[in-house]
2 protein chains.
Amino acid sequence: MGYSIKTIAQKSGLSQYTLRYYEREGVLPEVSRDENGNRCFHDEDLELISLICCLKDTGMPIADIKQFISLSKEGHSSLPEQRRLLQEHKVHIDEKIKFFQTFAEKVEHKIAYFASLEEQAKAENN
Amino acid sequence: MGYSIKTIAQKSGLSQYTLRYYEREGVLPEVSRDENGNRCFHDEDLELISLICCLKDTGMPIADIKQFISLSKEGHSSLPEQRRLLQEHKVHIDEKIKFFQTFAEKVEHKIAYFASLEEQAKAENN
DNA sequence: GTAGACCTTAGAGTTAAGTGTAAGTCAAAC
DNA sequence: GTTTGACTTACACTTAACTCTAAGGTCTAC
């Protein structure tokens, strides 16, 4: 039977607007329709949406996601290219993790510094 | 003497446009001027810009950075509030790191899956 | 004394990624 | 049989974060 757009919005955490927007933009491949022309999502769609969210949330611009998805439509011949794009993105994610770790430390130091200033101010008031 | 906006743009990696925009928006506190009205940055400014970039690049919206910076102007009394904001953001960063690590794994699996499909296709062609 | 490199402001334009609205179709419930 | 609710499209609007342009001031080098 398939899922309605409402159900998929709930399951994916994306809004109905966003889902339609993604399909319009080619971020999501064309979704099949029921006899009334209503979108009819299936489990594969949900799986793909989950991958799309993962790419998006790790900073891939939707234009790039679109490119990746459009390769899927070309079948097996584009597997190496798809894999290459993912590998490139994986490098990106790893860099970001390192970057975030460095900045987590920096913020940590700043917090400690502020705490020490507060201690100092307290001591001066006594 | 202080640094010109051009120098600071080079040192910080932000564009001159962005630096002016940040000052206009209150993301950056008002920068002192020379006798011609030209901005005259100092090392403290550079340090603050580095913190701002760190907050921004770890996902803090500039509206929030602005709030944080405006507290700095209030002196010692706002230290606890500033510290609270940083701690909140630190939690955010840590969550993001975990999230990214999970998705790095997911992408890794996907890559391995694609590689296995490629192997399979190659085998079928022989 | 003027050309060029630097700076200034005000305000308009851009881009990405949605978000919302209007007008309409369709099926089920009352 | 009409109201309600979920869906459709086309298109306009929004928001964040810049980015650019126009018009002009000032200093330095020739």
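Description of the structure in this document. None of these values were measured; they are calculated from a predicted model. (Residues numbered from 1 in each chain as written. Chains lettered and ligands numbered in written order. Predicted model: local features only at pLDDT ≥ 70, side-chain atom pairs only at ≥ 80, totals over all residues. Heavy atoms only, no water.)

## Quick look at the relation of the copies chain B and chain A
So, point 1. When chain B is brought onto chain A, the operation consists of a screw motion whose angular component is 180 degrees and whose axial shift is 0.0 Å, with 0.0 Å RMSD remaining. Viewed as a symmetry operation, the transformation between the two copies matches a two-fold axis. When C-alpha distances to the rotation axis are compared across chain B, the minimum falls at Ile97 of chain B, with a value of 2.9 Å.
So, point 2. Both copies present the same face, since 100% of the interface residues in chain B are matched by interface residues at the equivalent positions in chain A. (Least-squares fit on C-alpha atoms with pLDDT ≥ 70 in both. Contact = heavy atoms within 4.5 Å.)

## Focus on the packing of helix H4 (residues 62-72) of chain A against helix H5 (residues 79-125) of chain A
Residues and elements named next belong to chain A.
So, point 1. Here H4 crosses H5 at 155 degrees, and the two axes come no closer than 9 Å. As the angle between them shows, H4 and H5 are arranged roughly antiparallel. The hand of the H4/H5 crossing is left-handed. When H4 is examined against H5, the residues Gln67, Phe68, Leu71 and Ser72 are found in contact with a partner set consisting of Glu81, Gln82, Leu85 and Leu86.
So, point 2. Residues that form the contact of H4 with H5 fall into these classes: four nonpolar, three polar and one charged. (Axes fitted to C-alpha atoms, helices over the stretch in contact; angles between N-to-C directions. Helix = DSSP H or I, 4+ residues; strand = E, 2+ residues; numbered from the N terminus. Parallel < 35°, antiparallel > 145°, perpendicular 65-115°, else oblique. Left-handed = near helix turned anticlockwise from the far one by under 90°. Nonpolar A, V, L, I, M, F, W, Y, C, P; charged D, E, K, R; others polar.)

## A closer look at helix H1 (residues 5-12) of chain B
All names here are of chain B.
So, point 1. Ile5, Ile8 and Ala9 are the residues of H1 that are buried. The buried residues of H1 occupy an angular sector of 105 degrees when the element is viewed end-on, so they sit on one face. In H1, the exposed residues that point more than 90 degrees away from the buried face are Lys6 and Gln10. (Buried < 20%, exposed > 50% of the residue type's maximum accessible area, 1.4 Å probe, protein only. Arc of directions from axis to C-beta.)

## Here's the deal with the packing of aromatic side chains
Residues and elements named next belong to chain B.
So, point 1. Under the criterion given, the structure shown has 11 aromatic pairs over all chains.
So, point 2. Ring geometry for Tyr21 versus Tyr22: centroids 5.8 Å apart, planes at 45 degrees, classification tilted.
So, point 3. Taking relative accessible area as the criterion, Tyr21 reaches 33% and is therefore assigned partly exposed.
So, point 4. Overall, the relative accessible area of 5% leaves Tyr22 in the buried class. (Phe/Tyr/Trp six-rings, centres within 6.5 Å; stacked < 30°, edge-to-face > 60°.)

Limitation: the analysis is restricted to geometry and does not speak to function.
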